[in-house]
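Each chain, written out:
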Amino acid sequence: MISLHKNIIFLGAPGTGKGTVSHEISKIMGLKHISTGDIFREEIKNKSELGLKIQEIVASGLYVTDEITNAVVHKKVTNLKLQNINYILDGYPRTVEQANFLSSLNQDRFIVILLELSKEKIIERLSQRLFCSTCKRTYNSTNMKSLKHPNCELENTLLITRADDQPEAIIKRLEVYNQQTEVLIDYFKNKSMLFTLQADKEVTEIVLDIQEIYNK
Ligand code: ADP
């Protein structure tokens, strides 16, 4: 039987726009947005047991352990599947172990969208990134400026620079991505699940491309 479910995985280095594009896709196509980065930042903000445990790891640009990350995602996707809700995984899986874990959950069909961007552009974007810790929306101090800068357009709260958008952490995150996540490109290519898009286009264009791929 063909499953009606189709979920999306966003793959790509930090700064390629996974969060921004996921947010738009979620709004337009009604898929639930699951960002492991947002989940971890919320735990840190709330000073929960998990938050205190991972705070320094996240701020330094390293990955949270697979065990913790898999457990967090497992709970989320199991609940969504029970309710027949399609979803976007933004920032998960990030390691082969996470990808194997996800595959072991038999979560219906996935398409994987890889967002590609040059290293120079990535560094430029991340160092100009501003974040609303209330609604999780991301802005950029030059080309995606909030209409209420330096506040969030929606929440009117002061935008912040994420701890892991400091220069040393940006370099660390790119290194970790190259060492641990880049292999997933071949992993998903070999399973014929991968679609690659250039990320230096308007968000609206990228969203249209994704809708076309999704609805094929
Ligand atoms: P970006 O994609 O811009 O790097 P995210 O908001 O997705 O940022 O993630 C921020 C941080 O949260 C990561 O640098 C990492 O410390 C942690 N994190 C998020 N997703 C994962 C994951 N799947 N595995 C391990 N750590 C993760």
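In this text, all values refer to a predicted model and were calculated from it rather than measured experimentally.

Draft legend 1. Quick peek at the pairing of strand 3 (residues 87-90). A two-sided burial pattern is seen for strand 3, the buried positions comprising Y87 and L89 on one face and I88 and D90 on the other. In the sheet, strand 1 (residues 6-11) pairs with strand 3 via three bridges, with the strands oriented parallel. Looking at the pairing, I8 lines up with I88 of strand 3. Two elements, strand 2 (residues 32-35) and strand 3, share four bridges in a ladder whose sense is parallel. Each residue of the ladder has a partner; that of S35, found in strand 3, is D90.

Draft legend 2. Here's a closer look at the state of the cysteines. According to the stated counting rule, one finds zero disulfides in the structure shown. Of all cysteine sulfurs in the structure, the one in C132 sits closest to C135, which takes part in no disulfide; the separation is 3.7 Å. Here C152 is not cross-linked by a disulfide; its sulfur's nearest cysteine counterpart is in C135, at 3.8 Å.

Draft legend 3. Spotlight on the packing of aromatic side chains. Under the counting rule described, the total for this entry stands at two aromatic pairs. For the pair Y87 and F110, a centre-to-centre distance of 6.1 Å together with 70° between the ring planes defines the contact as edge-to-face. With Y87 in strand 3 and F110 in strand 4 (residues 109-116), this pair connects stretches of sequence that are 23 residues apart. Here the two residues Y87 and F110 agree in accessibility, since each one is buried. Pairing Y187 with F188 gives two aromatic rings, centres 5.0 Å apart and planes at 80°, and the pair type is edge-to-face.

Draft legend 4. Representation of the nonpolar core in the model. Counting residues in hydrophobic clusters, the biggest one holds 54 residues, and the most contacted among them are I8, F10, L89, I113, F188 and I210. By residue number, the principal contributor to this core is strand 4, which donates six residues. Among all residues touching I210, those that are not within four sequence positions of it are I8, F10, V21, I25, I113 and L197. Grouped together as the second largest cluster of nonpolar side chains are five residues, L130, C132, Y139 and L159 included.

Draft legend 5. Inspection of unusual backbone geometry at higher detail. With an omega dihedral of -5°, the bond running from Y92 to P93 counts as a cis peptide bond. As for its placement among the helices and strands, P93 is situated in the loop between strand 3 and helix 5 (96-104). A cis amide bond, omega 5°, links H149 with the succeeding residue P150. With respect to the helices and strands, the residue P150 is situated in the loop between strand 6 (138-140) and helix 7 (167-181). Non-glycine residue K47 carries a positive phi angle of around 55°. Its location among the elements puts K47 in the loop between helix 2 (36-45) and helix 3 (49-60). Looking at K47, the relative accessible area reads 62%, which means it is exposed. Of note, N156 is a non-glycine position whose phi angle comes to about 65°, a positive value.

Draft legend 6. Seen up close, the sheet that holds strand 1. The strand order 2-3-1-4-7 describes an open sheet built from five strands, whose pairing is parallel. The open sheet terminates on both sides in strands that have one partner only, identified here as strand 2 and strand 7 (194-198). Going from strand to strand, the sheet's axes swing by 20° on average, the running direction of each strand aside. Packed onto the sheet, helix 2 meets strand 2 and strand 3 and runs at close to 65° relative to strand 2.

Draft legend 7. Region of interest: helix 3. Every buried residue of helix 3 is listed here: G51, I54 and V58. Buried residues along helix 3 cover an arc of 90° about the axis, so they all sit on one side. Facing away from the buried side of helix 3 by more than 90 degrees, the exposed set consists of E49, L52, K53 and E56. Close packing links the buried residues of helix 3 with helix 2 and helix 4 (66-82). Backbone geometry just downstream of helix 3 places G61 in the positive-phi region, at approximately 95°.

How each quantity is defined
Residues numbered from 1 in each chain as written. Predicted model: local features only at pLDDT ≥ 70, side-chain atom pairs only at ≥ 80, totals over all residues. Heavy atoms only, no water. Buried < 20%, exposed > 50% of the residue type's maximum accessible area, 1.4 Å probe, protein only. Helix = DSSP H or I, 4+ residues; strand = E, 2+ residues; numbered from the N terminus. Pairing = 2+ DSSP bridges. Disulfide = S-S within 2.5 Å. Phe/Tyr/Trp six-rings, centres within 6.5 Å; stacked < 30°, edge-to-face > 60°. Core = buried A, V, L, I, M, F, W, Y, C linked by side-chain atoms within 4.5 Å. Contact = heavy atoms within 4.5 Å. Axes fitted to C-alpha atoms, helices over the stretch in contact; angles between N-to-C directions. Arc of directions from axis to C-beta.

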